[in-house]
Amino acid sequence: MRPEFVHLRVHSEYSLSDGIVRIKPLAEACVKLDMPAVALSDRNNLFALVKFYNAAQAAGIKPIIASDIWVVGDHSNEEATPLVLIARTDAGYRNLCELLSRSYTEGQSMGVAGLKRGWIEAQADGMIALSGGKDGDVGKALLSGNIEEAKRRTTRWMQMFPDAFFLELHRTDRDGEEEYNALAVNLALELDCPVVATNDVRFLHQDQFEAHEVRVCIHDSRTLDDPRRERRYTDQQYLKSS
């Protein structure tokens, strides 16, 4: 049986800080890769939704509506961390839209439009949540050695999203990934939490990595050869085949 894989975390050019995937080529690439569906999870927005939906439908690909959001801590000194929210019902889509709007109207802090966990909990119906991998709040706790806190955070997310919260695994050659993956799998087994593999896609083809880095540098007001700039991405974050 041929392996089947669907990308659930893709940032397009509408993720202005860290994505260069164009919508129509994304749909065409999924057809070539024989993938039945794809999720577009732009950073804190649904700006590409209509264009994405139309392109995917025209290509015979099921469009999955999602967004990569920032979770701001319950306490002011807590670091903002990513979480992927995926609409699985009409109610979930409406909840996602309302949460994104709220992040801009009420959740602005230090240049980040974020959502408090309590806000998400109140409107979690109809959505699937992915943990954000090593950069999510669970991943941060695991890599800091605080296993009990990681368990507490995972349990809370599982309660918010019954049978719909997944610990996210990546293998893109970024620092800490393999250590995180091992810890996350052990945690998943202990808590009976499902896992999902994503490639945290930022560009369609591997040879577009440098162009992507230019986009990131423009957003961060850095230059490519600046030794001080943070290298957050690798050339493995492309739309890989199954």
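Use the structure listed above.
Because the structure is a prediction, the values reported are computed rather than measured.

(A) Seen up close, the side chain of Glu177. Tracing the backbone shows Glu177 in helix 7 (residues 177–191). Glu177 sits in the buried class, given a relative accessible area of 3%. A distance of 2.5 Å separates a polar side-chain atom of Glu177 from the backbone nitrogen of Thr172. If we skip the residues at most four places from it in the chain, Glu177 touches Lys134, His170, Arg171 and Thr172.

(B) Up close: the pattern of salt bridges. All chains considered together, the criterion is met by 17 salt bridges. When the shortest N-O distance is used, the salt bridge between Arg171 and Glu178 registers 2.9 Å. The structure contains a network of salt bridges with shared partners spanning Arg9, Asp18, Arg43, Asp68, Glu168, Arg174, Glu177, Asp200 and Arg202.

(C) Broad picture of the nonpolar core. Core analysis: the largest hydrophobic core is formed by 33 residues, its most contacted members being Ile69, Leu83, Leu85, Ile120, Trp157, Phe161 and Phe165. Among the elements that line this core, the one with the most residues is helix 7, at four residues. Not counting residues up to four positions away in its chain, the partners in contact with Leu83 are Ser67, Asp68, Ile69, Val71, Ile120, Ala129, Leu130, Ser131, Trp157 and Phe165.

(D) A look at the packing of helix 1 (residues 23–32) against helix 2 (residues 49–59). Between helix 1 and helix 2, the least distance of the axes is 9 Å, while the angle of their chain directions is 30°. The angle between helix 1 and helix 2 places the two elements in the roughly parallel class. The crossing of helix 1 and helix 2 is right-handed. The segment helix 1 lies against helix 2, with Ile23, Lys24, Leu26, Ala27 and Val31 engaging Lys51, Phe52, Ala55, Ala56 and Ala59. In terms of residue class, the contact of helix 1 with helix 2 is built from eight nonpolar, no polar and two charged.

(E) Spatial organisation of the environment of Ala91. Within the secondary structure layout, Ala91 lies in helix 3 (residues 90–105). Looking at Ala91, the relative accessible area reads 24%, which means it is partly exposed. Separated by 36 residues in sequence, Ala91 and Met127 have C-alpha atoms that sit 8.3 Å apart.

(F) Expanded view of the side chain of Asn181. Topologically, Asn181 is positioned in helix 7. With residues near it in sequence (within four places) discarded, Asn181 still touches Leu169, His170 and Arg171.

(G) Structural detail: the packing of helix 6 (residues 147–160) against helix 7. For the pair helix 6 and helix 7, the least separation of the axes is 11 Å and the interaxial angle reads 60°. Considering their axes alone, helix 6 and helix 7 lie oblique with respect to each other. The two elements helix 6 and helix 7 meet at a crossing, and its hand is right-handed. Touching Ile147, Ala150, Lys151, Thr154, Thr155 and Met158 of helix 6 are Leu183, Leu187, Glu190 and Leu191, all from helix 7.

(H) The layout of surface pockets, seen in detail. Looking at the largest pocket, its volume works out to about 960 Å³. Lining the largest pocket we find 35 residues, and of these Asp18, Arg43, Trp70, Arg232 and Tyr233 sit closest to its centre. Put simply, the parts of the chain that give the lining of the largest pocket at least two residues each are strand 3 (81–87), strand 5 (112–116) and helix 8 (209–220). Of the residues in the lining of the largest pocket, the class split is 11 nonpolar, nine polar and 15 charged. As a volume, the second largest pocket reaches approximately 290 Å³.

(I) How the structure looks around empty space enclosed by the protein. Applying the stated rule across the entire model yields one cavity of 30 Å³ or more. Contributing to the lining of the largest cavity are Leu40, Ser41, Asp42, Asn45, Leu46, Ala48, Leu49, Phe52, Ile64, Ile65 and Ala66. Only helix 2 and strand 2 (62–72) provide two or more residues apiece to the lining of the largest cavity. The element best represented in the lining of the largest cavity is strand 2, accounting for three residues. The class makeup of the residues in the lining of the largest cavity is eight nonpolar, two polar and one charged.

Calculation rules
Residue indices follow the written sequence of each chain, beginning from 1 at its first position. Only residues with pLDDT of at least 70 are given local features in this predicted model, and only at 80 or more are side-chain atom pairs given and counted; all residues enter the totals for whole chains, interfaces and linings. Here the side-chain values reflect all heavy atoms present in the structure, with hydrogen atoms and water set aside. By the criteria applied, helices consist of DSSP H or I runs no shorter than four residues and strands consist of E runs no shorter than two, each listed in order from the N terminus. Only protein chains enter the area calculation, which uses a 1.4 Å probe; residues under 20% of their type maximum are buried, those over 50% are exposed, and those in between are partly exposed. Pairing of N or O atoms within 3.5 Å defines a polar contact, subject to two protein rules: one partner must be a possible hydrogen donor and the other a possible acceptor, and residues neighboring in sequence count only if both atoms are side-chain atoms. Residue contacts are counted whenever heavy atoms from the two residues lie within 4.5 Å of one another. Take a side-chain nitrogen of Lys or Arg and a carboxyl oxygen of Asp or Glu: if they are within 4 Å of each other, that pair is a salt bridge. Side-chain atoms within 4.5 Å link the members of a nonpolar core, which is a set of buried Ala, Val, Leu, Ile, Met, Phe, Trp, Tyr and Cys residues. Angles run from 0 to 180 degrees between N-to-C directions of axes, and those axes are lines fitted to C-alpha atoms, restricted for helices to the stretch in contact. Note that the term roughly parallel is reserved for angles under 35 degrees, roughly antiparallel for angles over 145, roughly perpendicular for angles of 65 to 115, and oblique for everything else. Whether a crossing is left-handed or right-handed is set by the direction in which the near helix is turned from the far one by less than a right angle, anticlockwise for left-handed and clockwise for right-handed. In this classification, the charged set is Asp, Glu, Lys and Arg, the nonpolar set is Ala, Val, Leu, Ile, Met, Phe, Trp, Tyr, Cys and Pro, and all remaining amino acids, among them Gly, are polar. Buriedness for pockets is judged along seven lines, at least five of which must meet protein on both sides within 12 Å for an open set on the 1 Å grid over protein atoms alone, while cavities are sets there where a 1.4 Å probe fits but cannot get out, and lining residues have an atom within 4 Å of a point. Grid points are joined across faces, edges and corners, and a volume is the space filled by probe spheres set on the points.

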